[in-house]
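What the coordinates show
Listed here are the chains, written in short residue letters.
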Amino acid sequence: MNGYTGSKDDYLKRLRRVEGQIRGIARMVEDDVYCIDVLTQVSAATKALQAVSLGLLEDHIGHCVVEAAAESEEAKAAKVREASAAIARLVRS
C-alpha cells in the first residue's frame, strides 16, 4: 500500500486540474497570447505540481519511511536516502 492511497482521489483531482491548466496554456500559445500572460499560467501550473509533489513527499515520509523505520535500521536508512534523493530532485527542478 502506498502512502498516498488514502488521498488518491484528491491527488487525481489536482492532477486533472493541472492537466486542464496545461491544455489552456497550449491554447494560449496557439492563439498567440502575450508572453507574460502565458508565463503567468506556466507559473501557476508549476506551483500546482509543486503542491502535489510536496503532498506526495509528506505522505511518503509519514507512511513509507515510518513503516521502514519500524522494520529495521537498514530499511529506515534506505527510505531516508530515497526521500532525500526525491527532495534533491524537487529542489533542482
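Please read these numbers as outputs of a predicted model, since none were measured by experiment. (Residues numbered from 1 in each chain as written. Predicted model: local features only at pLDDT ≥ 70, side-chain atom pairs only at ≥ 80, totals over all residues. Heavy atoms only, no water.)

Description of helix α1 (residues 8-30)
- Over its 23 residues, α1 runs 33 Å from end to end, which matches the ideal 33 Å to within 8%, given 1.5 Å per residue.
- Along α1, the residues classified as buried are Tyr-11, Val-18, Gly-24, Ile-25 and Met-28.
- At its buried positions, α1 is contacted by α2 (35-71).
- Looking one or two residues past α1, Asp-32 carries a phi angle of roughly 55 degrees, positive in sign. (Helix = DSSP H or I, 4+ residues; strand = E, 2+ residues; numbered from the N terminus. Expected span 1.5 Å × (residues − 1). Buried < 20%, exposed > 50% of the residue type's maximum accessible area, 1.4 Å probe, protein only. Contact = heavy atoms within 4.5 Å.)

Quick look at helix α3 (residues 73-92)
- For α3, spanning 20 residues, the distance from its first C-alpha to its last is 28 Å, which sits close to the expected 28 Å at 1.5 Å a residue.
- Listed in full, the buried residues belonging to α3 are Ala-75, Ala-83 and Ala-86. The buried residues of α3 occupy one face: seen down the axis, they fall within an arc of 65 degrees. Opposite the packed face of α3, turned more than 90 degrees from it, sit the exposed residues Glu-73, Glu-74, Arg-81, Val-91 and Arg-92. (Arc of directions from axis to C-beta.)

Let's talk about the pattern of salt bridges
- If you walk through the whole model with that rule in mind, you get three salt bridges.
- One salt bridge in this structure joins Glu-19 and Arg-23, with 3.5 Å as the shortest N-O distance. With Glu-19 and Arg-23 both in helix α1 and four residues apart, this pair spans about one turn of that helix.
- Judged by its relative accessible area of 44%, Glu-19 is partly exposed.
- Owing to a relative accessible area of 46%, Arg-23 belongs among the partly exposed residues under this scheme.
- Note that Lys-76 and Glu-73 form a salt bridge whose closest N and O atoms lie 3.2 Å from each other. Of this pair, Lys-76 and Glu-73 both sit in helix α3, three residues apart, roughly one helical turn. (Salt bridge = Lys/Arg side-chain N within 4 Å of Asp/Glu carboxyl O.)

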